[in-house]
Amino acid sequence: MSCLFCKIVAGEIPAKRVHEDEQLCAFEDIDPQAPLHVLIIPKRHISTLNDLYQSDDALVGQLVRRAALIAKERGYDGAGYRTVLNCNSDGGQTVFHIHLHLLAGRRLGWPPG
Ligand code: AMP
Ligand code: ZN
């Protein structure tokens, strides 16, 4: 298994986990871009957004709802936050195991760079 995030799921690489359930794992980004920067991932390896099927709709729903729940737990639901899924090179994807970025705690610029 060569995927970095699969190794985190397996506990072979340490991470500061903030949530885990049957389907998902969430952990702090190693290079945070905001006071809160968490990555929420499916435990199952899916490389990019292009590799999702209709049968994954419930899983994607859980991913997004988990981001909202973590944001709420940390008290950022009112002030707001951003969720980002990067895909392939123009999208800025560097780890090829789907991950939803959750960023909060500062005013984020738009449009993205
Ligand atoms: P992306 O550029 O959307 O593929 O995001 C990959 C993210 O993974 C970046 O924000 C990295 O800082 C983060 N990252 C890389 N290695 C690790 C690691 N070992 N633990 C936690 N986050 C990581
Ligand atoms: Zn993986």
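Reading the values: the criteria
- Residues numbered from 1 in each chain as written.
- Chains lettered and ligands numbered in written order.
- Predicted model: local features only at pLDDT ≥ 70, side-chain atom pairs only at ≥ 80, totals over all residues.
- Heavy atoms only, no water.
- Helix = DSSP H or I, 4+ residues; strand = E, 2+ residues; numbered from the N terminus.
- Rg over C-alpha atoms; globule rule 2.2 N^0.38 Å.
- Buried < 20%, exposed > 50% of the residue type's maximum accessible area, 1.4 Å probe, protein only.
- Contact = heavy atoms within 4.5 Å.
- Lys, Arg positive; Asp, Glu negative; His and termini not counted.
- Charge placed at Lys NZ, Arg CZ, Asp CG, Glu CD.
- 1 Å grid on protein atoms, 1.4 Å probe; cavity = no way out; pocket = protein on both sides within 12 Å on 5 of 7 lines; lining within 4 Å.
- Points joined across faces, edges and corners; volume = space filled by probe spheres on them.
- Nonpolar A, V, L, I, M, F, W, Y, C, P; charged D, E, K, R; others polar.
- Donors = N, O, S within 2.8 Å, 3.2 Å for Na, K, Ca; no water.
- Tetrahedral: all angles 85-135°; square planar, octahedral: opposite > 155°, others 65-115°.
- Phe/Tyr/Trp six-rings, centres within 6.5 Å; stacked < 30°, edge-to-face > 60°.

> Requested: an account of the overall build of the protein chain, with residues and values cited.
Per the secondary structure count, the protein chain includes three helices and five strands. Taken over the C-alpha trace, the protein chain has a radius of gyration of 14 Å; the compact-globule value for 113 residues is 13 Å, and the two agree within 12%. Principal-axis analysis of the C-alpha atoms places the extent of the protein chain at approximately 40 × 30 × 30 Å. With 113 residues in all, the protein chain has 35% of them scored as buried. Sequence separation of at least 24 residues holds for 52% of the intrachain contacts in the protein chain that already meet a minimum separation of 6. Side chains of the protein chain give 12 positive and 13 negative charges; the mean places of these two sets differ by 6 Å.

> Residue-level account of the layout of surface pockets, with values.
Roughly 720 Å³ of internal volume is contained in the largest pocket. Along the walls of the largest pocket sit 30 residues, with Asp29, Asp31, His37, Leu39 and His101 positioned nearest its centre. Those elements that provide at least two residues to the lining of the largest pocket are α1 (4–10), β2 (24–28), β3 (36–42), β4 (81–84) and β5 (100–104). Among the elements that make up the lining of the largest pocket, the one with the highest residue count is α1 (three residues). When its residues are assigned to classes, the lining of the largest pocket shows 15 nonpolar, nine polar and six charged.

> Lay out the coordination of the zinc ion (ligand 2) in plain terms, naming residues and giving numbers.
Distances from the zinc ion (ligand 2) to its protein donors, namely Cys3 (SG), Cys6 (SG), His45 (ND1) and His97 (ND1), fall within the range 2.0 to 2.3 Å. Coordination geometry of the zinc ion (ligand 2): the four donor atoms subtend angles of 106 to 117° at the metal centre, consistent with an arrangement described as tetrahedral. Within one chain, the residues donating to the zinc ion (ligand 2) are spaced in sequence as C-x2-C-x38-H-x51-H. Placement of Cys3 in the segment before α1 and of His45 in the loop between β3 and α2 (57–73) is noted, with a sequence separation of 42 residues between them.

> I'd like to hear about empty space enclosed by the protein, residue by residue, with values.
Under the definition given, this model contains one cavity of 30 Å³ or more. The computed volume of the largest cavity comes to approximately 30 Å³. If you trace the largest cavity, you find it lined by Ser47, Thr48, Leu49, Leu85, Asn86, Gln93, Ile98 and His99. When grouped by side-chain class, the residues that make up the lining of the largest cavity number three nonpolar, five polar and no charged.

> For the packing of aromatic side chains, give the residues involved together with the corresponding values.
Under the counting rule described, the total for this entry stands at one aromatic pair. Between Phe5 and Phe27, the aromatic rings sit 5.3 Å apart at their centres with planes inclined by 75°, giving edge-to-face as the arrangement. In this pair, Phe5 is assigned in helix α1 and Phe27 in strand β2, connecting sequence segments 22 residues apart. The same class applies to Phe5 and to Phe27, which are both buried.

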